[in-house]
Structure formats: C-alpha cells, structure tokens
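Structure assessment
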Amino acid sequence: MNVANGEISQEIGDINLAYMLLAQKLVKQDRVAAMFRLGVSRELADMLASMSLAQILKLAASNFLLCSFRLDEHASMSAVVGEGKDTMLQQAHMSILMSARSLQGRKEAATV
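Source: prediction; values computed, not measured. (Residues numbered from 1 in each chain as written. Predicted model: local features only at pLDDT ≥ 70, side-chain atom pairs only at ≥ 80, totals over all residues. Heavy atoms only, no water.)

Counting secondary structure elements, the protein chain contains six helices and zero strands. The helix and strand sequence of the protein chain, counted from the amino end, reads α-α-α-α-α-α. For 112 residues, the compact-globule estimate of 2.2 N^0.38 gives 13 Å, and the protein chain exceeds it by more than 25% at 17 Å. With the principal axes as the frame, the protein chain shows a C-alpha extent of 40 × 35 × 30 Å. When the 112 residues of the protein chain are sorted by exposure, 21% land in the buried category. Long-range contacts, defined as pairs at least 24 residues apart, comprise 55% of the intrachain contacts of the protein chain with a sequence gap of at least 6. Of the roughly 8200 Å² of accessible surface on the protein chain, a fraction of 61% belongs to carbon and sulfur atoms. Of the side chains in the protein chain, 11 bear a positive and 11 a negative charge, and the two mean positions are spaced by 10 Å. (Helix = DSSP H or I, 4+ residues; strand = E, 2+ residues; numbered from the N terminus. Rg over C-alpha atoms; globule rule 2.2 N^0.38 Å. Buried < 20%, exposed > 50% of the residue type's maximum accessible area, 1.4 Å probe, protein only. Contact = heavy atoms within 4.5 Å. Areas by Shrake-Rupley, 256 points an atom, 1.4 Å probe, with all protein chains shown as cover. Lys, Arg positive; Asp, Glu negative; His and termini not counted. Charge placed at Lys NZ, Arg CZ, Asp CG, Glu CD.)

Our next topic: helix H1 (residues 3–29). For H1, which comprises 27 residues, the first-to-last C-alpha distance of 39 Å matches the rise-based estimate of 39 Å (1.5 Å per residue) to within 8%. For H1, every residue scored as buried is listed here: Ser9, Ile12, Gly13, Asn16, Met20, Ala23, Gln24, Leu26 and Val27. Next to the buried residues of H1 lie helix H2 (31–38), helix H3 (42–50) and helix H4 (53–60). (Expected span 1.5 Å × (residues − 1).)

We now examine the nonpolar core. If you look at the biggest cluster of nonpolar residues, it comprises 13 residues, and the most contacted ones within it are Val27, Leu38 and Leu48. Among the elements of the structure, H1, H2 and H3 are those that each provide at least two residues to this core. A total of four residues in this core trace back to one element, the largest contributor, which is H1. Setting aside residues no more than four positions away along its own chain, Val27 makes contact with Ala34, Leu38, Ala45, Leu48 and Ala49. (Core = buried A, V, L, I, M, F, W, Y, C linked by side-chain atoms within 4.5 Å.)

Another point: the packing of H1 against H2. Running from N to C, H1 and H2 point in directions that differ by 140 degrees, and their axes come no closer than 6 Å. Accordingly, the angle class assigned to the pair H1 and H2 is oblique. Counted together, Tyr19, Ala23, Leu26, Val27 and Gln29 of H1 and Arg31, Ala34, Arg37 and Leu38 of H2 form the full contact between these two elements. A class-by-class count of the residues in the contact of H1 with H2 yields six nonpolar, one polar and two charged. (Axes fitted to C-alpha atoms, helices over the stretch in contact; angles between N-to-C directions. Parallel < 35°, antiparallel > 145°, perpendicular 65-115°, else oblique. Nonpolar A, V, L, I, M, F, W, Y, C, P; charged D, E, K, R; others polar.)

Let us now look at the side chain of Asn16. Secondary-structure assignment places Asn16 in helix H1. In this view, Asn16 contacts Ala60, Ser62, Phe64, Leu65, Leu66 and Cys67; residues no more than four positions away in its chain are not counted.

What follows is about the environment of Met88. Relative to the assigned elements, Met88 resides in helix H6 (residues 87–111). Judged by relative accessible area, which is 63%, Met88 ranks as exposed. Sequence spacing of Met88 and Ser50 is 38 residues, and the spatial spacing of their C-alpha atoms is 35 Å.

Right, dumping it as structure tokens:
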C-alpha cells in the first residue's frame, strides 16, 4: 500500500468513526427522527444504539466508507442542487425526496 492509499484509508476510517458516533448519538436522542435522517430500519437503529465503543472502532476501521449518498440518482441530485434555488427550497426538496424514498422502502419491505 502506498502513502496515498494509506492516507485515504485513514481518512475513510476517520469519516466512518465520526459517522458511527453521530449515528449512535442521533438514535439515542430520538430514535424515530434518526431512522428518518439516517435512512435505517428499526432493527439497525436498535443495533446502533446498543453498540459498544470497541465495536464502533472495529467497524469504523474498515476500508469501506460506511455512509453513502442517499441521492444516488443524477436526476434527483440535480433537482435538489440546481442553480438559483435558495437554501430553504433545497432543504424542502431534499425532505420530500427522502420522505418518498423512506415510504418506498417501507412498502418494499412490507411486500417481502
């Protein structure tokens, strides 16, 4: 592994750790809001809340980025960040898209 890859791995680990600690804090403060904000199921929220620091550190050390873009389609991302939109309008569009995706995920889970 060269120096650049080592630095990137370390940065991914730092991001993972910050993300995991934030996710756990959100879940412990308000489980329902955290499930919406993080896009996670009740089972995953329960797991996040119960994880020890050692477990979080071990998981964060992965070379894989644990957080991901929730707007994974170009059209959705473009609609939210389009030029000329003010911050409030962008946040409203983001909330609508996230709510729609959350409902779609629940419908798909209910049919399985």
